[in-house]
Amino acid sequence: MSTTRFLTGITPSGTPHLGNYAGMMRPAIEASRDKNVENFYFLADYHALIKCQDPERVQRSTIEIAASWLAAGLDPEHVTFYRQSDIPEIPELTWFLTCVTGKGLLNRAHAYKAAVDKNNASGSEPDDGVTAGLFMYPVLMGADILIFNANKVPVGRDQVQHLEMARDMASSFNHIYGGEYFTLPEAVVEESVATLPGLDGRKMSKSYNNTIPLFAPREQLRKLINSITTDSRAPGEAKEVEGSALFQIYQGFASEEESAALRQQYAEGIAWGDAKQILFERIDREIAPMRERYEYLIAHPAELEEILQAGAIKARKLATPLLQQLRGAVGIRNLAQASKAKTKAAKTALPQFKQYRESDGQFYFKLVAADGQLLLQSLGFTAPKEAGQNIARLQRDGATALAAIKPCLQTLDGVNDDLVIQALEQLREAAEQ
Ligand SMILES: Nc1ncnc2c1ncn2[C@@H]1O[C@H](COP(=O)(O)OP(=O)(O)OP(=O)(O)O)[C@@H](O)[C@H]1O
Ligand SMILES: N[C@@H](Cc1c[nH]c2ccccc12)C(=O)O
């Protein structure tokens, strides 16, 4: 049995923060220790170019995020850890998928729609300032996922629509080229993972500039924690945990007992300064052991490069043969082998007869086109042999047999005899080859 494949990407467009760590990296690293799953983690640097056109920042962020994953315990021996831009099969697949994706589907993508809505609201042209990169974002993401035929993709809520689109692209391609080339991936949204607030109480996010960098040096970490917004209650006055960013961040790191103890101290009127000291100590306890490794890796980017290159080799062992197969499927082929490929492609796209027994105890058959359309549906027969004989007649005599066995068939909306005869012809030709 094949193992389940998990895949997730992180866009290197800034410095990783405590929210990225608690909300994504830590649970992903814990999950990666499960021996029954295959894990793919990658740096989505092509995606970074959509929102960040500062080359130094892209490079810096790639280094910081790669070093963060490794320092936080990701083991590149057990997972496939790579950089998107090291896998040339991804942009090539992006093009194949682009050609089977409706433009209308992409018009509905949240990120693109949000940009258009903003322009409409301000009276600008709808596509003002919108790059084709932003528009195509879901296709690139689809290629990231489909190139490894990932089954499960852990993502935040905002990415669920992209997974639906990836499924659409996979089924369109399978349908058009008549084969099970792609597995349909599923989003995994971990509801139990907390969203950490930032310094100002809103969601901690690069875009809000309210983050605490995951590997801020100790003294900077202390300073940032001291700047978390609190209310003006004085020492000795009872404090509310509800709506306290400080408490929520603490919960993202502490055990249940530790959280209960701080809740008690809030009720007893702990001074904000002391609560901040407790938060600082708790976070530093978790981060300090990793900080040394992080700083080492940041100072040795050649080692990071080597780890990513090894990851790319591992990843391409899967991507290269799949892409080869896809090239053949779409008709980009070695011309010396063209005729062979043609026969094979024709075979994969054939209609099919199916014979089965229903719960009423009767035997039935149907004819299904390669794209899944139902072309013929029989009524029930008492013996399986009768169903088999009718199939054999249709295969042998085509149109004549179809006319003769009409009374044993249901009428189907939207299907005419020509369509059925064409399918029977196609089956006959294939059998003759
Ligand atoms: N405050 C947060 N709490 C928990 N998880 C978070 C938080 N912010 C981001 N994540 C998770 O980290 C991963 C990377 O997210 P992302 O790069 O969007 O972070 P971000 O700082 O919000 O960036 P941006 O502002 O550019 O969207 C995602 O899985 C996301 O769910
Ligand atoms: N778009 C994702 C990052 C990403 C790119 N490709 C992916 C493939 C799978 C999962 C996530 C991704 C984000 O912003 O968070």
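Residues numbered from 1 in each chain as written. Chains lettered and ligands numbered in written order. Predicted model: local features only at pLDDT ≥ 70, side-chain atom pairs only at ≥ 80, totals over all residues. Heavy atoms only, no water.

K.L.:
Hey, could you run me through the pattern of salt bridges in this one?
P.N.:
A full pass over the atoms with the stated rule returns 18 salt bridges. For K152, the salt bridge identified is with E186, shortest N-O distance 3.5 Å. Of this pair, K152 sits in strand β4 (residues 152–154) while E186 is found in strand β5 (residues 186–188), placing the two residues 34 residues apart along the sequence. Judged by its relative accessible area of 41%, E186 falls in the partly exposed class. Notably, a salt bridge pairs E258 with R282, separated by 3.1 Å at the nearest N-O pair. Separated by 24 residues along the polypeptide, E258 in helix α11 (residues 256–267) and R282 in helix α12 (residues 272–299) bring together distant segments of the chain. On the accessibility criterion, R282 (12% relative accessible area) is buried. (Salt bridge = Lys/Arg side-chain N within 4 Å of Asp/Glu carboxyl O. Helix = DSSP H or I, 4+ residues; strand = E, 2+ residues; numbered from the N terminus. Buried < 20%, exposed > 50% of the residue type's maximum accessible area, 1.4 Å probe, protein only.)

K.L.:
So what exactly am I meant to see when it comes to the sheet that holds strand β8 (residues 374–377) here?
P.N.:
Strand pairing in a sheet is mediated by backbone hydrogen bonds. Such pairs are either parallel or antiparallel. Spatial ordering of the open sheet is given by β6-β7-β8, a layout of 3 strands whose pairing is antiparallel. Each edge of the open sheet carries a strand with a single partner, namely β6 (352–357) and β8. Looking at each pair of strands side by side, their axes are set apart by 25 degrees on average, direction ignored. Alignment of β6 against strand β7 (residues 363–368), held across 6 bridges, turns out to be antiparallel. Across the sheet, K354 pairs through a bridge with K366, a residue of β7. Helix-sheet contacts for helix α15 (residues 384–397) involve β6, β7 and β8, and the interaxial angle to β6 is about 170 degrees. (Pairing = 2+ DSSP bridges. Axes fitted to C-alpha atoms, helices over the stretch in contact; angles between N-to-C directions. Contact = heavy atoms within 4.5 Å.)

K.L.:
How do you make sense of the packing of aromatic side chains when you look at a structure like this?
P.N.:
The geometry of an aromatic ring pair comes down to the distance between the two centres and the angle between the two planes. Here the structure, examined in full by the defined rule, presents 15 aromatic pairs. When the ring of Y356 is compared with that of Y364, the centres are 5.9 Å apart and the planes differ by 10 degrees; the resulting orientation is stacked. When its relative accessible area of 23% is taken as the criterion, Y356 is described as partly exposed. For Y364, a relative accessible area of 11% corresponds to the buried category. One aromatic cluster is present, formed by F40, F42, Y82 and F148 through successive ring pairs. Between the NZ or CZ atom of R26 and the centre of the ring of F253, over which it lies, the distance is 5.3 Å. (Phe/Tyr/Trp six-rings, centres within 6.5 Å; stacked < 30°, edge-to-face > 60°. Lys NZ or Arg CZ within 6 Å of the ring centre and 35° of its normal.)

K.L.:
Teacher, can you tell me more about the site of ligand 2 here?
P.N.:
Close to ligand 2 lie 14 residues, the nearest being G9, H47, Y137, D144 and Q159. D144 is positioned such that a nitrogen or oxygen atom in its side chain is 2.7 Å from a nitrogen atom of ligand 2. Grouping the constituent residues of the shell around ligand 2 by class yields 8 nonpolar, 5 polar and 1 charged. (Near = heavy atom within 4 Å. Polar contact = N/O pair within 3.5 Å; in protein donor to acceptor, adjacent residues only side chain to side chain. Nonpolar A, V, L, I, M, F, W, Y, C, P; charged D, E, K, R; others polar.)

K.L.:
So what exactly am I meant to see when it comes to the site of ligand 1 here?
P.N.:
Inspection of the region around ligand 1 gives 14 residues, with H17, L196, S205, K206 and S207 positioned closest. A distance of 2.9 Å separates a nitrogen atom of ligand 1 from a polar atom in the backbone of L196. In the complex, the protein chains occlude 80% of the 600 Å² of accessible area that ligand 1 would expose alone. For the shell around ligand 1, the class distribution of residues is 4 nonpolar, 7 polar and 3 charged. (Areas by Shrake-Rupley, 256 points an atom, 1.4 Å probe, with all protein chains shown as cover.)

K.L.:
What am I meant to see in the UniProt feature "binding site: L-tryptophan" (unreviewed entry) in the protein chain here?
P.N.:
If you check UniProt for "binding site: L-tryptophan" (unreviewed entry), the listed places come out as D144 in our numbering. Relative to the helices and strands, D144 resides in helix α7 (residues 132–146). Residue classification places D144 among the buried positions, given a relative accessible area of 3%. For D144, the residues in contact, after removing those within four places along its chain, are L7, F42, H47, Q84 and I90. For D144, the side chain forms a polar contact with the side chain of Q84, separated by 2.8 Å. (UniProt positions renumbered as here; feature names shortened; annotations may be inferred.)

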